[in-house]
Amino acid sequence: EQHIEWALETGISNWIISWWGPNHLTMKHFRVGMMNAPSLNKMKFCMLYESVILDGRGSWRDGSKEEALYRDLKVIVDDFFDHPSYLKVNGRPVIIFYISRSRMPYGEGFDGPSVLANMRRRLGYNIYFIADEPFFDWNNDSPDGNRNAFKNGEQVFDAYTTYNMFQNSRVRRGETATDYQLREAMPVWNRWAEQLPLFPNVMPQYYDFRGNKPLLGNSADFMKQLREVACLPRTNFDGAPHIMMITSFNEWWEGTQIEPEDGSPGNWNNYGFQFMETLATFKKEVDSLGTYWCSEDTVVEANDGKRD
């Protein structure tokens, strides 16, 4: 209930829930907690399929990995699609594939159009599939030449997103998350957003426990990032909505959370409620005035979902 209350106050309308399998601890917590919260009817949620769970479960070339994916998605469908709070885009239930770029590679036999069509047919739902595809690799930093972006001129997934664009080698010591996002991630996002529906992620800070360089964050810095990301081109293929992802609400492992901390001296960044308050201010401003600060119209008209 507390998480829902904070989310609603902040302007968050949808939870993206990490799915590692039905028996994983995260799913047990979600079922016991969020699924029983009286206020869940005020929120939407969808599943982020942790594609790394496909490792060691066959091959795309012989169909065995596709069968493993089907079995997993069948569990998600049976467990959640009938829930009134499950997120739908234009009436279509949403599933997000985490790091599809590395776990669903064309070079290893993943045939996106075929696999996704088979999933929709076998599961009985016209699922809206979102792929975590853009990144810094040579075939991921642009949709040009990326077979999970276009195949035979047709868009493969319904939309694209990035969960986290962090790469330690690109971080400059002492810089903020916004410095990093705007310098490193923004050019990649621009290339994707000019051709495809892209739901980018904002990230207020980064601090993990693996020895990576941290990215600092504060309220003013986060507001700058929100405003800049809001001005990305907005493709409108098949009426795709304009969605901005937050990395994250409570990913404490990588220190990207906006969930408030208690001000303890041992915390690496005493931000309190600052990030949530900043997001709330930004959301109210956009709802009432739009993105008036953008220098030009950022809406790119679609061409029926086909690439010229």
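See above for the structure.
Described below are features of the structure shown in this document. (Residues numbered from 1 in each chain as written. Predicted model: local features only at pLDDT ≥ 70, side-chain atom pairs only at ≥ 80, totals over all residues. Heavy atoms only, no water.)

### Some points on helix α1 (residues 2–10)
In step 1: Here α1 has its buried residues at Ile4, Trp6, Ala7 and Thr10. Buried residues along α1 cover an arc of 165° about the axis, so they all sit on one side.
In step 2: Looking at the packing, one finds that the buried side of α1 touches β1 (14–19) and α8 (274–289).
In step 3: The positive-phi residue at the C-terminal boundary of α1 is Gly11, with phi of around 100°. (Buried < 20%, exposed > 50% of the residue type's maximum accessible area, 1.4 Å probe, protein only. Helix = DSSP H or I, 4+ residues; strand = E, 2+ residues; numbered from the N terminus. Arc of directions from axis to C-beta. Contact = heavy atoms within 4.5 Å.)

### Side note on the side chain of Asn140
In step 1: Take Asn140: it is sitting in the loop between β5 (128–132) and β6 (150–151).
In step 2: Using a relative accessible area of 3% as the deciding quantity, one classes Asn140 as buried.
In step 3: Apart from the residues within four sequence positions on either side, Asn140 is in contact with Arg101, Glu133, Pro134, Phe135, Asn146, Val188 and Trp192.

### Quick notes on a nonpolar patch on the surface
In step 1: Taken together, Tyr207, Phe209 and Trp253 make up a surface patch of nonpolar side chains, about 360 Å² in accessible area.
In step 2: Its place among the elements puts Trp253 in the loop between β12 (245–246) and α8. (Patch = residues over 30% accessible without salt bridge, like charges linked within 9 Å, V, L, I, M, F, W, Y side chains within 5 Å. Areas by Shrake-Rupley, 256 points an atom, 1.4 Å probe, with all protein chains shown as cover. Salt bridge = Lys/Arg side-chain N within 4 Å of Asp/Glu carboxyl O.)

### Some details on the packing of helix α6 (residues 177–193) against helix α7 (residues 219–230)
In step 1: One can describe the packing of α6 onto α7 by two numbers: an axis separation of 9 Å at closest approach and a directional angle of 10°. Our classification of the angle between α6 and α7 gives roughly parallel. The crossing of α6 and α7 is right-handed. Note on element contacts: α7 touches α6 through Asp221, Phe222, Lys224, Gln225, Glu228 and Val229, opposite Ala177, Thr178, Gln181, Leu182, Met186 and Trp189. (Axes fitted to C-alpha atoms, helices over the stretch in contact; angles between N-to-C directions. Parallel < 35°, antiparallel > 145°, perpendicular 65-115°, else oblique. Left-handed = near helix turned anticlockwise from the far one by under 90°.)

### Section: the state of the cysteines
By definition, a disulfide links the sulfur atoms of two cysteine residues through a covalent bond.
In step 1: On inspection of all chains with the given rule, the structure shows 1 disulfide.
In step 2: In this model Cys231 forms its disulfide with Cys294; the gap between the sulfur atoms is 1.9 Å. Measuring handedness by torsion sign, the sulfur bridge of Cys231 and Cys294 sits at about -90° and is left-handed. Here Cys294 lies in the loop between α8 and β13 (299–300) and Cys231 lies in the loop between α7 and β11 (234–235), a separation of 63 residues in the sequence. (Disulfide = S-S within 2.5 Å.)

### What about unusual backbone geometry?
As a rule of thumb, non-glycine residues mostly have phi less than zero, and peptide bonds are mostly trans rather than cis.
In step 1: Here Thr247 and Ser248 are connected by a cis peptide whose omega angle stands at 10°.
In step 2: In this fold, Ser248 is placed in the loop between β12 and α8.
In step 3: Phi at Asn90 takes a positive value of approximately 50°, unusual for a residue other than glycine.
In step 4: Looking at the element boundaries, Asn90 is found in the loop between β3 (88–89) and β4 (92–97).
In step 5: Positive phi is not limited to glycine here, since Ile99 has a value of about 35°.
In step 6: Here Ile99 lies in the loop between β4 and α4 (100–103).
In step 7: Ile99 gets classed as buried once you look at its relative accessible area, which sits at 10%.

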